[in-house]
Amino acid sequence: MDTTLYARTTTLRCLGRAFGGEPRAGPGGEAARPARTARQATTLTPMVNVGLTGGIGSGKSEVSRRLAAYGAVVVDADKIAREVVEPGTPGLAALVEEFGTEVLAADGTLDRPKLGTVVFGDKDKLARLNAILHPLIGARADALRAAAGPEAVLVNDVPLLAENRLEKAYDLVVVVDASPETQLDRLVRFRGMAEADARARMAAQATRADRLAIADVVVDNDGPIDDLAPQLEALWLRLTGKPAPETPAD
Ligand SMILES: CC(C)(COP(=O)(O)OP(=O)(O)OC[C@H]1O[C@@H](n2cnc3c(N)ncnc32)[C@H](O)[C@@H]1O)[C@@H](O)C(=O)NCCC(=O)NCCS
Ligand SMILES: Nc1ncnc2c1ncn2[C@@H]1O[C@H](COP(=O)(O)OP(=O)(O)OP(=O)(O)O)[C@@H](O)[C@H]1O
């Protein structure tokens, strides 16, 4: 497989690597990818490495799920963030060392709501949490990306892509956009989050404008969920040159 992209990495951060000043590639043919040999060009469909982001509750998981149904390989930072703190992991041990045993539930697993209450609303603690987990998440994500194969449409679901300035690590940045009012409404109504908690998490993230500023493609998910399908079909066509397969999610 083409490992050139990985070989030229510099800083490892959450679910992505920052590429020192490299121009981004475009799956529509814009020439920023490292040149391929003639043999590669005729025998391989190049991997497309998409960074998918959006504010909390914007609909990233819904979009990733639909792209996975089309055939994308999804690398999900939130899922990895759970794996690296499973019982017995160095990640969980590091969290206990930093935040104490009070962030553990009675069964020895991480008490996620408790840790959320501790870190969202306290910048220093959040920075310490990020410093512990992001390198672990980044390493695991790299391994999954490397295993995806040279022809994959790789979709990296990275909530903190804008916050960590990771846009150069991807061929295409897709931002799932919803207004702060819509985010809040979804978090409170569908996730059962207390309004203050939801606001604290939103305040710990980049602004809507910050995210839109790095978007190559904006998926508007402020409206009804049925509006997603035509946008994702157009995105799939742009990524692969092929129509999206029909799926039950559409
Ligand atoms: C604090 C934790 C334990 C709370 O767990 P909880 O199950 O309540 O939330 P979950 O992990 O499902 O995250 C939900 C959403 O919260 C937001 N969020 C999570 N971590 C962060 C963070 N460090 N900064 C800002 N927003 C965050 C994201 O939008 C994410 O999609 C958890 O969020 C965590 O471990 N965060 C640190 C790891 C991280 O940065 N993950 C984001 C992907 S890199
Ligand atoms: N267009 C929509 N209309 C109504 N509900 C929606 C829409 N899009 C997503 N939802 C719902 O809103 C909630 C948040 O969506 P989702 O989990 O996909 O967001 P997310 O960006 O992945 O959130 P997080 O950052 O917490 O991981 C879910 O319950 C989802 O089913």
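Preceding this paragraph is the structure being described.
In this text, all values refer to a predicted model and were calculated from it rather than measured experimentally.

A. Spotlight on the site of ligand 2. Around ligand 2, a shell composed of 16 residues is seen, among which Lys60, Ser61, Arg191, Asn221 and Gly223 lie nearest. The contact in question runs from an oxygen atom of ligand 2 to an N or O atom on the backbone of Gly59, over 2.9 Å. Against a free-state accessible area of 630 Å², the protein chains account for coverage of 79% of ligand 2. Broken down by element, the residue count for the shell around ligand 2 peaks at three residues, all from helix 3 (residues 60–70).

B. Expanded view of helix 6 (residues 112–119). By the burial criterion, the buried members of helix 6 are Leu115, Gly116 and Val119. Seen end-on, helix 6 carries its buried residues on one side only, within an arc spanning 105°. Relative to its buried face, helix 6 has exposed residues pointing more than 90 degrees away, namely Pro113 and Thr117. On its buried face, helix 6 sits against helix 5 (90–99), helix 7 (123–147) and helix 9 (195–203).

C. Representation of unusual backbone geometry in the model. Here Arg165, not a glycine, exhibits a phi torsion of approximately 50°, which is positive. Since its relative accessible area comes to 53%, Arg165 is described here as exposed.

D. Up close: the pattern of salt bridges. With the rule as written, the count across this model stands at 11 salt bridges. Here Glu83 and Lys79 are joined by a salt bridge, their closest N and O atoms 3.6 Å apart. Here the residue Glu83 and the residue Lys79 both occupy positions in helix 4 (residues 77–83), the gap between them amounting to four residues, near one helical turn. For Glu83, a relative accessible area of 23% puts it in the partly exposed group. With a closest N to O distance of 2.9 Å, Arg199 and Glu195 form a salt bridge.

Calculation rules
- Residues numbered from 1 in each chain as written.
- Chains lettered and ligands numbered in written order.
- Predicted model: local features only at pLDDT ≥ 70, side-chain atom pairs only at ≥ 80, totals over all residues.
- Heavy atoms only, no water.
- Near = heavy atom within 4 Å.
- Polar contact = N/O pair within 3.5 Å; in protein donor to acceptor, adjacent residues only side chain to side chain.
- Areas by Shrake-Rupley, 256 points an atom, 1.4 Å probe, with all protein chains shown as cover.
- Helix = DSSP H or I, 4+ residues; strand = E, 2+ residues; numbered from the N terminus.
- Buried < 20%, exposed > 50% of the residue type's maximum accessible area, 1.4 Å probe, protein only.
- Arc of directions from axis to C-beta.
- Contact = heavy atoms within 4.5 Å.
- Salt bridge = Lys/Arg side-chain N within 4 Å of Asp/Glu carboxyl O.

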